[in-house]
Amino acid sequence: MKFMKLGSKPDAFQADGNTIRFMSSELATDVVINVGEVKFFLHKFPLLSKSNCLQKLSLKSNEETSDEIYLPDLPGGPKAFEICAKFCYGVTVTLNAYNVVAARCAAEYLEMTEDVDQGNLIFKIEVFLNSSVFHSWKDSIFLLQTTPSLLPWSEDLKVVGRCIDSIASKTSVDPSLIKWSYTYNRKLLVPDRIVDNGVLKIESVPRDWWVEDICELGIDLFERVMTVVKSKGRMDGKVIGEALKTYIVRWLPGSVDSLASEVHNRRNKKLVETVISLLPSDGGVGCSCSFLLKLLKCAILVGADDTFREDLVKRISSKLDKASVNDLLIPARSPQTAKYDVELVQTLVNQYMQHGKSMMLSVGKLVDGYLAEIAYDPNLSFSSFVLLSQSVPESARPIHDGLYSAIDIYLKEHPNLTKSERKKICGLMDVKKLTMDASTHAAQNELLPLRVVVQVLYTEQLRAAVGVHSHTSDSQENSSSTTKTEEDWEKKLPDEGKSLEKQMSQVKMTDGEIPRKGKLAKGSKNTGSGIQLLPSRSRRIFDKLWVVRKGHGNGENRSSETSGSSQSPTSVVQGKTKSSDSSSRHRRYSVS
């Protein structure tokens, strides 16, 4: 730390308790200077020879026949006045980054200018500031931290502005030229070894070496420093983003309760709004989507103004494909009853889609993962779930496993849904876009309407037909068939498969569901035939529907439909004949 010594005489100032200071001398004191609660018993001559202010106050006290002078609003208080008084006596006094601003403001108050005496205190302090303190990184930081308690004097004397300019200029210095220690508690010991494009480089100081030190400043000074840093246009947006992130972590409470507490709400709101206003205008490159979403959570909790939240939403929506599900779990605020703010996520997704981004698949996967998380909330409304799932275009969901998982969870956690709601929510899913494992799960899912289960079974029959048809010609094509779209399947289906599809579309079932037994199968694998993935219960359902369809096509009566003489697609492929007589007794189907 830089310092400057003034005067050469030994220190003869003494104290008597906490409120009395006096100059030990053979001469009796002839003036009492009152600064706050402290009385200084001193001599007029050395004081008046350096201070124009004390000269005027002394004349006034003589007219009032008093030997006391009052300085109630002296900046820096008793400590700053003692420095000025010692200078007047020629007593040795040491100035440094911690006390120089207070001494400068007190000297200005006391009018210790060159007009009164050459080489006066103001002149000497200015030389020290310009030649030493402002040239030192750490001293500039230390000095700037002392200025808030000395307002408005420190501002009017341009000490704050000059110090900020000095700091901001140093942040853009080439790190390889920095020789001083670059944090309060860490010095450069071993150069960092980094590899850049295969080339080994030795970087003495990281590019963001200044961030930790800046984050020690209060929010007002931090804002001013960062504003000047940004205005110079020489700082990379990523480094600015890192500085903002570090500052938030340094000063914002870690718990939600502390963040939203009324005691510190004003301070926290100011902090969050300031950081948002300082975000780099580089299209979001400087800050990660995760950081912006966490900042948005904080903005909501502290009640930041709408303009700041809208700015964050705009930034986040432009890079939503980089977000994670946990980042999107933003707590809802009153009067919302749901656990998470689904409306906010809906807005983010809608804005992202409007941008026409190319990473639709990432956002589709993100939304499905988010739906699966919020589906556990019993207060999540049916409309919110449906609207959010519909906000993703079909092109963003080549596979519907994620959506099916979310629907399955929602049905379990919301058992009071009406039949129409269950039908609508299941209609969000395209069973042709389920993988084999998901289809096996859905085929045994007791929560799904019967119509959906039949669609799943029917789709698997078509897949099985395609698998048998193409097995001899292209075995590799069979392994990827589980993710084909509906159009792909139709191109590959044999004629009998297409005929089956046409006839099955004529079947209309009741909305009731048949009893289901056992747990959902997991991890089922295709053994080659494509049919063995269907459990026996599912095969019985499909066998029964096949008989119903065939009977309808031949004009036969109901009794012949269950005669057991017909064969299902399952039995055809397996080369076996199964009777549906016993299963038909448990449920009736209407056929149009």
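Residues numbered from 1 in each chain as written. Predicted model: local features only at pLDDT ≥ 70, side-chain atom pairs only at ≥ 80, totals over all residues. Heavy atoms only, no water.

## Focus on the environment of P449
Within the fold, P449 resides in the loop between α22 (436-443) and α23 (450-471). Owing to a relative accessible area of 15%, P449 belongs among the buried residues under this scheme. (Helix = DSSP H or I, 4+ residues; strand = E, 2+ residues; numbered from the N terminus. Buried < 20%, exposed > 50% of the residue type's maximum accessible area, 1.4 Å probe, protein only.)

## Comments concerning the nonpolar core
Nonpolar side chains in soluble globular proteins tend to end up buried together. With 156 residues, the main nonpolar core has I33 and L42 as its most contacted residues. No other element matches the eleven residues that helix α14 (residues 289-302) contributes to this core. Counting contributing residues per domain, this core is built from domain 1 (1-171) and domain 2 (208-318), each supplying no fewer than three. Here L42 is in contact with F13, M23, T29, D30, V31, I33, L47, F81, A85 and Y89, once residues within four sequence places are set aside. (Core = buried A, V, L, I, M, F, W, Y, C linked by side-chain atoms within 4.5 Å. Domains from an automatic or database assignment. Contact = heavy atoms within 4.5 Å.)

## Focus: the sheet that holds strand β6 (residues 68-70)
The sheet built from five strands is open, its strands ordered β2-β3-β5-β4-β6 with mixed pairing. For this open sheet the edge positions go to β2 (13-15) and β6, each flanked by a neighbour on one side alone. Between one strand and the next, the sheet's axes are offset by a mean angle of 20°, whatever the strand orientation. Across three bridges, β2 lies against strand β3 (residues 20-23) in antiparallel orientation. In the sheet register, A15 faces β3, and the bridge partner there is R21. Along the sheet, helix α2 (residues 52-63) contacts β4 (31-35) and β6; its crossing angle with β6, the most-contacted strand, is approximately 130°. Where helix α3 (residues 77-89) meets the sheet, its contacts fall on β2, β3, β4 and β5 (38-42), and the angle it forms with β5 comes to roughly 10°. (Pairing = 2+ DSSP bridges. Axes fitted to C-alpha atoms, helices over the stretch in contact; angles between N-to-C directions.)

## Some points on the pattern of salt bridges
Applying the stated criterion across every chain yields a total of 22 salt bridges. In this structure, D311 engages R315 in a salt bridge whose closest nitrogen and oxygen atoms are separated by 3.2 Å. Of this pair, D311 and R315 both sit in helix α15 (residues 306-317), four residues apart, roughly one helical turn. When its relative accessible area of 26% is taken as the criterion, D311 is described as partly exposed. Since its relative accessible area comes to 18%, R315 is described here as buried. What you see here is one network of salt bridges that share partners, running through D11, R21, E82 and K86. (Salt bridge = Lys/Arg side-chain N within 4 Å of Asp/Glu carboxyl O.)

## Notes on the packing of aromatic side chains
All told, the structure shown has eight aromatic pairs when counted by the stated rule. Judged by centre distance (5.8 Å) and plane angle (85°), the ring pair of F13 and Y89 falls under edge-to-face. Separated by 76 residues along the polypeptide, F13 in strand β2 and Y89 in helix α3 bring together distant segments of the chain. The same class applies to F13 and to Y89, which are both buried. With centroids separated by 5.3 Å and ring planes inclined at 25°, the aromatic side chains of Y98 and F142 adopt a geometry described as stacked. Of this pair, Y98 sits in the loop between β7 (93-96) and α4 (100-109) while F142 sits in helix α6 (residues 137-146); the two residues are 44 residues apart in sequence, bridging distant segments of the chain. Y98 sits in the partly exposed class, given a relative accessible area of 49%. Taking NZ or CZ as reference, R250 lies 4.2 Å from the ring centre of W251, over its face. (Phe/Tyr/Trp six-rings, centres within 6.5 Å; stacked < 30°, edge-to-face > 60°. Lys NZ or Arg CZ within 6 Å of the ring centre and 35° of its normal.)

## Describing helix α10 (residues 219-232)
The terminal C-alpha atoms of α10 lie 20 Å apart, and with 14 residues this matches the ideal 20 Å at 1.5 Å per residue to within 8%. Within the sequence span of α10, burial applies to I219, L221, F222, V225, M226, V228 and V229. Looking at the buried positions of α10, the neighbouring elements they touch are α6, α8 (159-171), α9 (211-214), α11 (237-251) and α13 (265-277). Backbone geometry just downstream of α10 places G233 in the positive-phi region, at approximately 70°. (Expected span 1.5 Å × (residues − 1).)

## Overview of α4
Of all ten residues that make up α4, nine are buried, and the element is covered over most of its length. When α4 is considered as a whole, its buried residues turn out to be V100, V101, A102, A103, R104, C105, A106, A107 and Y109. Directly beyond the C-terminal end of α4, a positive phi value near 60° is found at E111.

## A word on the pairing of strand β1 (residues 3-6)
Alternating residues of β1 divide into M4 and L6, all buried, and F3 and K5, none buried. Where β1 lies against β7, four bridges are found, and the strand directions are antiparallel. If you follow F3 over to β7, its bridge partner there is N96.

## Describing unusual backbone geometry
Of note, the bond from L151 into P152 is cis; its omega dihedral lies within 30 degrees of zero at 5°. Its place among the elements puts P152 in the loop between α6 and α7 (153-156). Despite not being glycine, K158 has its phi angle at roughly 60°, a positive value. Along the chain, K158 falls in the loop between α7 and α8.

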